[in-house]
Structures are given as C-alpha cells and as structure tokens.
Amino acid sequence: MPEGHTLHRLARLHQKRFGRAPVTVSSPQGKFADAAAVNGQVLRKADAWGKHLFHHYAGGAVVHVHLGLYGSFTEWPLPPERTQPLPVGQVRMRMVGAEYGTDLRGPTVCELIDEPSVDDVVARLGPDPLRSDADPDLAWKRIAKSRRTIGGLLMDQTVLAGVGNVYRSELLFRHRIDPYRPGTQLDATEFGDMWTDLVALMKVGVRRGKIVVVRPEDDHGAPSYREGRPRTYVYRRAGDPCRVCGTTIRTAELEARNVFWCPNCQS
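Residues numbered from 1 in each chain as written. Predicted model: local features only at pLDDT ≥ 70, side-chain atom pairs only at ≥ 80, totals over all residues. Heavy atoms only, no water.

Considerations on the overall build of the protein
Secondary structure summary: the protein contains seven helices and 10 strands in total. Relative to the compact-globule value of 18 Å for 267 residues, the protein shows a C-alpha radius of gyration of 20 Å, a close match. For the protein, the spread of C-alpha atoms along the principal axes amounts to about 60 × 40 × 30 Å. Counting across all 267 residues of the protein, residues that qualify as buried make up 49%. Put simply, of all contacts in the protein between residues at least 6 apart along the chain, 59% involve residues at least 24 apart. Here the protein displays about 12700 Å² of accessible surface, and carbon together with sulfur accounts for 49% of that area. (Helix = DSSP H or I, 4+ residues; strand = E, 2+ residues; numbered from the N terminus. Rg over C-alpha atoms; globule rule 2.2 N^0.38 Å. Buried < 20%, exposed > 50% of the residue type's maximum accessible area, 1.4 Å probe, protein only. Contact = heavy atoms within 4.5 Å. Areas by Shrake-Rupley, 256 points an atom, 1.4 Å probe, with all protein chains shown as cover.)

Laid out in structure tokens, this is it:
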C-alpha cells in the first residue's frame, strides 16, 4: 500500500499539472458516476492527509481518493492535437488538463464529497508528519495511554496518518525499539526523537519519490529486497543478517501485518 509520502507527492504533482484551471474529468470504467459533476470545473487545490488525496474544485465539490493496496495514477503527456490515448485496463477516473492527463486505476475509494465531509475524514485521522499543521502531541497522548504494541500503534491511521509498513519497521529499527513494546512503556523523549526522524524521512520520500531510510555509513553490503529500491535495515529482510550487528532479522505477524526487526539491536 502506498505510504503517505506518495500521496503528498501526487498532490503536488496534480496541483502543478492541473491546478487553477478547468479539468476534463471522466470515468472510462463507469464506476465513478459523479465524474460529470466536476467535469470542466476549475481544480482549486490538490492536497493530502495521510494516505488520503483530495481534489478541491470550484463550487465546493471534492474528489476523495484512497489508493488502498492496488490503486495507482498513470500520467501521460497530451500531444498538441490533444488526442487522448485509449484507456488501458479499468480506468476509474481520467483527468485531462492543458498539457497532461492522468488515469486512476484500482483505488479503494474514489468518491465525490463536499468540504464538510473532508473535515469528517480528517477528524478520524491522526496527525500527518508531512503537514505543517501537524500536532505530534495528539499522537503521543494516544500512544502513551495505550497498552497496544508500538508496532501496531504506528500503523494505526487514527494515531499517525500516513505511516505504512516500511516506515513503521524502519523507524523502530533506527531508534532501537522493539515493535512489541507497549505504548505505555515508551517515554516522551523517545517519541519526540522518532517524530522528528519520521518527519525528515518522509520529506525525503516526497522529494525523491522513494523511501530512503538507511544511513550512509550502513548503505552497503546486501542489495535491496527489490531491484531499483533503496536498501532497508529490516523491511523484507527476514533471515538476512542485520546491517549493523549481523544478527538474523526476524519477521512475524503483528495486527494482521508482517513486522520486521533485529532481535539484538531492538532488544
């Protein structure tokens, strides 16, 4: 599932490509029937909160997108004659601006809502480390009083918005915290250091379009878990030696998601 940096990166891209101008919006698949309500309208603003993307149109309509596990946007340049390519696959929503078009496929959510409903969505989410108005104290208060594992809490979007499995596992490793430690056993200084680090890491993710978590002094040895991806410390490295101490990386299911950790560095 795309993590928060991906949605913020998309919001910036869509603002650049389509913002402050009329946009042609359609649903080649036919499952986004409300596309007609914003077709030809001016896209005032594109922004994100956690893993949610919002397209705010003139008149108050908002297209709300959650990519889920399989959703993605595919961008294509619009030629001078403005001939659009035929839709490939199940395109839920197509947006066409002056110079570019983009196709949305496979989202969990693609719906038309209004501005008050945006507030309702956001009210259910925790602070987003990539937003300038984020209040980390809100997340800390929820963590400090919870007996759930910190590994589970970090993935809970009502606690922190935008953190997925990669950032969760890697952040805990970077701060030498056992993913099974209860939230009540984390202290404020530890959380403050994690928050500061998470903000910095996710900003790099927005800028570079990929999750970069391994410090330069550790960025060597075994390749990444997937070709073309930066190295990780623990994510998808179960059975491999820790890049820092050599101990075998472990994995287990934690609240229905696999978590990865070093039993020595994070003891």
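Thoughts on helix α4 (residues 136-144)
Regarding α4, the residues found buried are A139, W140 and I143. The buried residues of α4 all sit within an arc of 100° when viewed along its axis, so they share a single face. On its buried face, α4 sits against α5 (150-155) and α7 (188-208). Put simply, D135 is the residue that caps the front of α4, since its side-chain oxygen is 3.0 Å from the backbone nitrogen of D137. (Arc of directions from axis to C-beta. Polar contact = N/O pair within 3.5 Å; in protein donor to acceptor, adjacent residues only side chain to side chain.)

Some remarks on the sheet that holds strand β2 (residues 43-49)
Spatially, four strands are ordered β2-β3-β4-β8 in an open sheet, and the strand pairing comes out antiparallel. Lying at the two open borders of the sheet, with one neighbouring strand each, are β2 and β8 (109-114). For this sheet the average axis-to-axis angle between neighbouring strands, irrespective of direction, equals 20°. When strand β3 (residues 52-57) meets strand β4 (residues 61-66), the two strands line up antiparallel, connected through five bridges. Considered in β4, the bridge of H56 is made with V62. Across the sheet, helix α1 (residues 4-18) touches β2 and β3, and the angle it forms with β2 is around 170°. (Pairing = 2+ DSSP bridges. Axes fitted to C-alpha atoms, helices over the stretch in contact; angles between N-to-C directions.)

Re a nonpolar patch on the surface
A cluster of nonpolar side chains, namely M1, L69 and Y70, defines an oily patch on the protein surface of about 370 Å² accessible area. By the secondary structure assignment, Y70 is in the loop between β4 and β5 (72-77). By relative accessible area, which is 70% here, Y70 ends up exposed. (Patch = residues over 30% accessible without salt bridge, like charges linked within 9 Å, V, L, I, M, F, W, Y side chains within 5 Å. Salt bridge = Lys/Arg side-chain N within 4 Å of Asp/Glu carboxyl O.)

Details of the domain arrangement of the protein
Frequently, the measure chosen for interface size is the accessible area that the parts lose on association. Parsing the protein into structural domains produces domain 1 (4-124) and domain 2 (136-261). Of note, the centres of domain 1 and domain 2, computed from C-alpha atoms alone, are 30 Å apart. Each side of the interface is counted separately: domain 1 has nine residues, and domain 2 has 15 residues. Roughly 830 Å² of surface becomes buried between domain 1 and domain 2 when both sides are summed, with 61% attributable to carbon and sulfur atoms. The largest per-residue losses of area from domain 1 upon contact with domain 2 belong to H5, R9 and K51, which jointly make up 62% of the total buried on that side. For the pair domain 1 and domain 2, the number of links is zero salt bridges. (Domains from an automatic or database assignment. Buried area = accessible area lost by both parts, 1.4 Å probe.)

Overview of the environment of M1
Position of M1 relative to the elements: it lies in the segment before α1. Owing to a relative accessible area of 39%, M1 belongs among the partly exposed residues under this scheme. Through-space distance from the C-alpha of M1 to that of T102 is 20 Å; in sequence the pair is 101 residues apart.

Notes on the sheet that holds strand β6 (residues 91-96)
Sheet architecture is open: four strands sit in the order β1-β6-β7-β5, paired in antiparallel fashion. Every other strand in the sheet has two partners, leaving β1 (24-26) and β5 as the edge strands with one partner each. Direction aside, neighbouring strands of the sheet carry axes that sit 15° apart on average. Where β6 lies against strand β7 (residues 100-105), five bridges are found, and the strand directions are antiparallel. Paired with R94 across the strands is D103, a residue of β7.

Thoughts on the UniProt feature "domain: FPG-type" (unreviewed entry) in the protein
With numbering aligned to this structure, UniProt lists the feature "domain: FPG-type" (unreviewed entry) at residues 233-267. End C-alpha to end C-alpha, residues 233-267 measures 15 Å, and it is 0% helix and 29% strand. (UniProt positions renumbered as here; feature names shortened; annotations may be inferred.)

Considerations on the nonpolar core
Counting 36 residues, the largest nonpolar core has I143, I150 and L186 as the members making the most contacts within it. Those elements that provide at least two residues to this core are α4, α5, α6 (165-174) and α7. Per-element tally for this core: the top contributor is α7, with eight residues. Non-local contacts of L186, meaning those with residues more than four positions away in its chain, are made with W140, I143, I150, I177, R181, F191 and M194. With 22 residues, the next largest nonpolar core counts A35, A48, L53 and M95 among its residues. (Core = buried A, V, L, I, M, F, W, Y, C linked by side-chain atoms within 4.5 Å.)

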